[in-house]
Amino acid sequence: MKKVSFNGKEYVEPDMDVQRGFGILDVYSFRFYPQDKIIIMSDESCSKFKCKKCYTIEPGSFPENLIYSSDKKKCSEIFRKIMGGEQSASDNVRSYDGRENYRISMAVLDKDRNGCATVVSGMIQNLDAHMRMIEHVQLLTGDYENIFLIDFEKNYIEVFRTQDHVRDRYGDMLNENKSFEKIMAKYIKDNVVDEEKLEMAVIFTRKNMERELLEKKIFTHDFRILRDEKTEHIRIKVVNLSDEPDNLTKAVIGFANVSSEKNVELMHLAYEDVITGGRNFSFFNESLKKVNNEGFVVTLDIRSFKIVNEICGMSKGDLILRNVSSIIEKYVDKVGFYGHLNADHFIFFIDSLDEMLVNNILERITENVEALVALFEIPKISVYFGVTKWRVGMRTNVAISEANTAKHNIKSSSVCNYSFYRPEDMEKTIEEKKMEDDFDDALKNHQFEVWYQPKFSPEDGQMIGAEALIRWRAKDGHLIYPGSFIPLFEKNGMIPQLDEYVFRTVCKQQKEWIERFGKTVPISINVSRASLFFDKIVDTYRAIAENIGVPAELVPLEITESVAETNEVIRDMANRFTVLGFPIHIDDFGTGYSSLSALNMMKYDTLKIDKSLVDYIGNASGDSLMKHTIALAKDLGFSVTAEGVETEEQVDFLKEHACDSIQGYYFSKPVCADDFRELLAS
Ligand code: C2E
Ligand code: CA
Ligand code: CA
């Protein structure tokens, strides 16, 4: 517990954990010591309200800058009540400028022998901004013991409420602002029973959670952990806190120990499913254990089921589930068995290796489920399936996660509603997870290398520039190319760190080369779309270049064409870079929706024509397209670089049409820093 001294005495500060959790809910805490008339604000409160940390008060003179003058009376009333012996008191007041509404509440934490309050916990809650979020959180707080908030944008986790043993164990990690995935990975590794580890790891990847939360808003998962050599049943519930559809910025995740509930459930239910009245998962699981030959395990999911629940109510939803269960029973019972997994998920086994038979069954089930729409007058629903081959001895959980992986591949497909599992899918998921885990260390240990691909003048063959291209040196020494990690890092929000690393590395290199050779060429750096969404990037890059001492014109920035064209924010960002003297190169021009007229709106420095257009050279219409593109670009004031130039014919053509610079294997592949230094020196 943190203490602060004031007027010669020590006071305990507001609970840090609580404040951390509340911070993102816009709730600010303070402590009130009635007998000394002292208020201690939490650090967050101080920075929010720009107020002092400690106050001596007369009742009613709550910190300046906080309360609308005519509401001060209400405030003194709260203090009066507490000091008059009430256990708690609260009221709504306006902020000092009258613009925001706050709720001030106080509750007595401790009393002296005479029953007078000695320590009071206080809270100032912004009622407007996050009211809905708090409601959501409270939905969970009732029966969940450990609650956290995940911030998907900032990629970290905040404690809302935890039990002591969790804090003891994970406190450090939680305080270090580690990413949710990292904490979860440790949790799974340390606690979850072996046979469920893999499935859990897959379910709680950021990618998968995002998918679930965008589609369903809420999902729960039950699993088993081993604690003191005893198996316990834990339930996790995750709720997307966003009000808007297709948006996910924050979520609440709650953990509850449901062991007693589960044991009762297991004893009473045996094999009947409470919701559907059909078979449950235990039935499926037990039946599968008895199978001695290969077959197919299929998982089924209902698209748009949550809409049925929302519009028609839960009981109608359950009615639909009962019908789906009977449909599955009708088509599967003769050739296998099934069970209701949870929510709108079912699973079944088909005791055959005949893929045609599987297709047939899936089609029948699909038709029958779709017919429920008219029958029960419900919004349109449909089903989709993931299929995996079952091998003798295979664990149920592995089969489920394989089938689910296949199912996820076609989740948003409108043409196809089933997919067979391919081992590469799971390998890819695991590999991606490993890459994410290794990222921080790789960055720290300089496993990312910057390579350089020179750009040449078609005029005289002189090297006039270069592009910095990242490579990842794996632990065994082999090189990993950006195609296999950039898209992943763009998706999971790690790319800004990597882009900045490359930028800094190139700046340092430039500085070294200038000092050594007295000359260098501009080296352009790729800036991904995700990086450009951070407002501070302009300042950061400017500061890096300035501190290292490299003129901006030596480190141009490459931005992809579709990005530059479509987004105001990004165009504005590019503008600010230009003003600071960083040349902007429009990358990959010719892929996507190319539009030179749109580029006219901005004075960028260079247009980089993509390899796919360069490859057209030699074909009559391709020649004409290239010719016009170059001419128009130059007319708009761009310098033109052609990318991916591989043949002499292309070089001749580009020279003839006054292209300014050529990058491609014809002259040079990307080379490592040492080789590039030789090129510079020569
Ligand atoms: P890009 O910016 O279009 O980079 C050009 C790519 O084309 C490079 O691939 C380069 O090696 C390749 N290339 C150049 N000349 C030729 C040629 O004549 N023939 C063929 N077939 N290919 C040629 P690389 O290095 O694999 O990079 C792939 C992409 O990864 C880059 O495409 C860029 O979008 C991204 N990337 C690379 N480094 C970074 C980085 O530091 N940050 C970000 N955000 N993206 C990067
Ligand atoms: Ca590029
Ligand atoms: Ca390019």
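Remember, predicted model here, so these are calculated numbers, not experimental data. (Residues numbered from 1 in each chain as written. Chains lettered and ligands numbered in written order. Predicted model: local features only at pLDDT ≥ 70, side-chain atom pairs only at ≥ 80, totals over all residues. Heavy atoms only, no water.)

## Focus: the coordination of the calcium ion (ligand 2)
Geometry reference: four tetrahedral donors at a metal, ideal angle 109.5 degrees. Six octahedral donors, ideal angles 90 or 180 degrees.
Next up, step 1: Around the calcium ion (ligand 2), the protein contributes the donor atoms Glu 467 (OE), Asn 526 (OD1), Glu 558 (OE) and Asp 587 (OD), which lie 2.2 to 2.3 Å from the metal centre.
Next up, step 2: Positions of the donor residues of the calcium ion (ligand 2), expressed as sequence spacing, correspond to E-x58-N-x31-E-x28-D.
Next up, step 3: A gap of 3.8 Å separates the calcium ion (ligand 2) and the calcium ion (ligand 3), which Asp 587 links by coordinating each metal. With Glu 467 in strand β20 (residues 463-473) and Glu 558 in strand β23 (residues 557-560), this residue pair connects regions lying 91 residues apart in the sequence.
Next up, step 4: For Glu 467, a relative accessible area of 3% translates into the label buried.
Next up, step 5: By relative accessible area, which is 1% here, Glu 558 ends up buried. (Donors = N, O, S within 2.8 Å, 3.2 Å for Na, K, Ca; no water. Helix = DSSP H or I, 4+ residues; strand = E, 2+ residues; numbered from the N terminus. Buried < 20%, exposed > 50% of the residue type's maximum accessible area, 1.4 Å probe, protein only.)

## Quick word on the site of ligand 1
Next up, step 1: Taken together, the neighbourhood of ligand 1 is formed by 22 residues, with Gln 453, Arg 471, Asp 499, Glu 646 and Tyr 665 sitting nearest.
Next up, step 2: Between ligand 1 and Gln 453, the relevant distance is 3.0 Å, taken from a nitrogen atom to a side-chain nitrogen or oxygen of the residue.
Next up, step 3: The separation between an oxygen atom of ligand 1 and a polar side-chain atom of Asp 587 is 3.0 Å.
Next up, step 4: Alone, ligand 1 offers 800 Å² of accessible surface; in the complex the protein occludes 80% of this.
Next up, step 5: When contributions to the shell around ligand 1 are tallied by element, the ones reaching two or more residues are β20, α17 (495-517) and β24 (584-589).
Next up, step 6: Per-element tally for the shell around ligand 1: the top contributor is β20, with 4 residues.
Next up, step 7: Taken together, the residues of the shell around ligand 1 sort by class into 9 nonpolar, 5 polar and 8 charged. (Near = heavy atom within 4 Å. Polar contact = N/O pair within 3.5 Å; in protein donor to acceptor, adjacent residues only side chain to side chain. Areas by Shrake-Rupley, 256 points an atom, 1.4 Å probe, with all protein chains shown as cover. Nonpolar A, V, L, I, M, F, W, Y, C, P; charged D, E, K, R; others polar.)

## Quick notes on the packing of helix α7 (residues 194-203) against helix α14 (residues 396-409)
Next up, step 1: Where α7 meets α14, the closest approach of the two axes is 9 Å, and the angle between their N-to-C directions is 10 degrees. As judged from the angle between their axes, α7 and α14 are roughly parallel. Residue-level contacts link Glu 195, Glu 196 and Glu 199 of α7 to Asn 397, Ile 400 and Ser 401 of α14.
Next up, step 2: Class assignment of the residues belonging to the contact of α7 with α14 gives a composition of 1 nonpolar, 2 polar and 3 charged. (Axes fitted to C-alpha atoms, helices over the stretch in contact; angles between N-to-C directions. Parallel < 35°, antiparallel > 145°, perpendicular 65-115°, else oblique. Contact = heavy atoms within 4.5 Å.)

## Points about the pairing of strand β10 (residues 156-161)
Each regular strand carries side chains that alternate between the two faces of the sheet.
Next up, step 1: With respect to burial, β10 is a largely interior element, 5 of its 6 residues being buried.
Next up, step 2: Judged from the 5 bridges that link them, strand β9 (residues 146-151) and β10 form a sheet pairing that is antiparallel. Its bridge partner being in β10, Ile 147 is matched across the sheet by Arg 161.
Next up, step 3: Taking the residues between adjacent antiparallel strands as the criterion, β9 and β10 are bridged by 4 residues, where Asn 155 takes a positive phi near 60 degrees. (Pairing = 2+ DSSP bridges.)

## A short note on the coordination of the calcium ion (ligand 3)
Next up, step 1: Around the calcium ion (ligand 3), the protein contributes the donor atoms Asp 587 (OD), Asp 588 (OD), Glu 643 (OE) and Glu 643 (OE), which lie 2.2 to 2.6 Å from the metal centre.
Next up, step 2: The motif formed by the donor residues of the calcium ion (ligand 3), counted along the single chain, is D-D-x54-E.
Next up, step 3: Residue classification places Glu 643 among the buried positions, given a relative accessible area of 11%.

## Let's talk about the domain arrangement of the protein
Next up, step 1: Split by domain assignment, the protein resolves into domain 1 (3-126), domain 2 (139-261), domain 3 (270-421) and domain 4 (436-681).
Next up, step 2: Placing the centre of domain 1 and that of domain 4 at their C-alpha centroids yields a distance of 54 Å. (Domains from an automatic or database assignment.)

## Focus: the sheet that holds strand β11 (residues 218-227)
Next up, step 1: Spatially, 5 strands are ordered β10-β9-β13-β12-β11 in an open sheet, and the strand pairing comes out antiparallel. Each edge of the open sheet is held by one strand with a lone partner, namely β10 and β11. Taken pair by pair, the neighbouring strands of this sheet meet at an average axis angle of 25 degrees, ignoring direction.
Next up, step 2: Pairing geometry for strand β12 (residues 230-240) and strand β13 (residues 250-257), over 7 bridges, is antiparallel. Across the sheet, residue Val 239 finds its bridge partner in β13, namely Val 252.

## With respect to the environment of His 585
Next up, step 1: Within the secondary structure, His 585 sits in strand β24.
Next up, step 2: Assessed through its relative accessible area of 8%, His 585 is described here as buried.
Next up, step 3: The sequence separation of His 585 and Glu 377 amounts to 208 residues, and the corresponding C-alpha distance is 56 Å.
Next up, step 4: Ignoring any residue separated from it by four or fewer positions in sequence, one finds His 585 in contact with Lys 455, Ser 524, Pro 556, Leu 557, Glu 558, Ile 559, Asp 605, Thr 606 and Lys 608.

## Quick look at the sheet that holds strand β6 (residues 88-94)
Next up, step 1: One open sheet accounts for 6 strands, arranged β5-β4-β3-β8-β7-β6; its pairing is antiparallel. The sheet is open, and its two edges are formed by β5 (54-56) and β6, each paired on a single side. With strand direction ignored, the average angle separating the axes of adjacent strands in the sheet is 20 degrees.
Next up, step 2: With 9 bridges joining them, strand β7 (residues 101-111) and strand β8 (residues 117-126) adopt antiparallel strand pairing. Opposite Ile 104, over in β8, you have Ile 124 as the bridge partner.
Next up, step 3: Against the sheet, helix α3 (residues 72-83) makes contact with β3 (27-33), β4 (38-41), β6, β7 and β8, and its axis sits at roughly 175 degrees relative to β6, the strand it touches most.

## Things to note about helix α8 (residues 206-216)
Next up, step 1: Residues Arg 206, Asn 208, Met 209, Glu 212, Leu 213 and Lys 216 constitute the buried set of α8. Mapping the buried residues of α8 onto a view down its axis gives an arc of 160 degrees, with all of them on the same face.
Next up, step 2: Lys 217 sits one or two positions beyond α8 and adopts a positive phi of about 75 degrees. (Arc of directions from axis to C-beta.)

## Some thoughts on a nonpolar patch on the surface
Next up, step 1: A cluster of nonpolar side chains, Phe 533, Phe 534 and Val 569, forms an exposed patch at the surface whose accessible area comes to about 270 Å².
Next up, step 2: Assignment of secondary structure puts Phe 534 in the loop between α18 (529-532) and α19 (537-548).
Next up, step 3: The partly exposed category is assigned to Phe 534, whose relative accessible area is 40%. (Patch = residues over 30% accessible without salt bridge, like charges linked within 9 Å, V, L, I, M, F, W, Y side chains within 5 Å. Salt bridge = Lys/Arg side-chain N within 4 Å of Asp/Glu carboxyl O.)

## Points about the pattern of salt bridges
Next up, step 1: This model, assessed by the stated rule, comprises 39 salt bridges.
Next up, step 2: Where Glu 210 meets Arg 206, a salt bridge forms, and the shortest distance between an N and an O atom there is 3.1 Å. In this pair, Glu 210 and Arg 206 are both assigned in helix α8, 4 residues apart and thus about one turn of the helix distant.
Next up, step 3: A residue is classified by how much of its surface remains accessible, and Arg 206, at 12% relative accessible area, is buried.
Next up, step 4: Across the salt bridge formed by Glu 500 and Arg 504, the nearest N and O atoms sit 2.9 Å from each other. Note that Glu 500 and Arg 504 are positioned in helix α17 at a spacing of 4 residues, about one turn of the helix.
Next up, step 5: You can call Glu 500 partly exposed: its relative accessible area is 25%.
Next up, step 6: In this structure Arg 504 comes out as partly exposed when scored by relative accessible area, which is 32%.
Next up, step 7: Put simply, Lys 455, Glu 467, Glu 558, Lys 608 and Glu 643 are held in one network by salt bridges that share partners.

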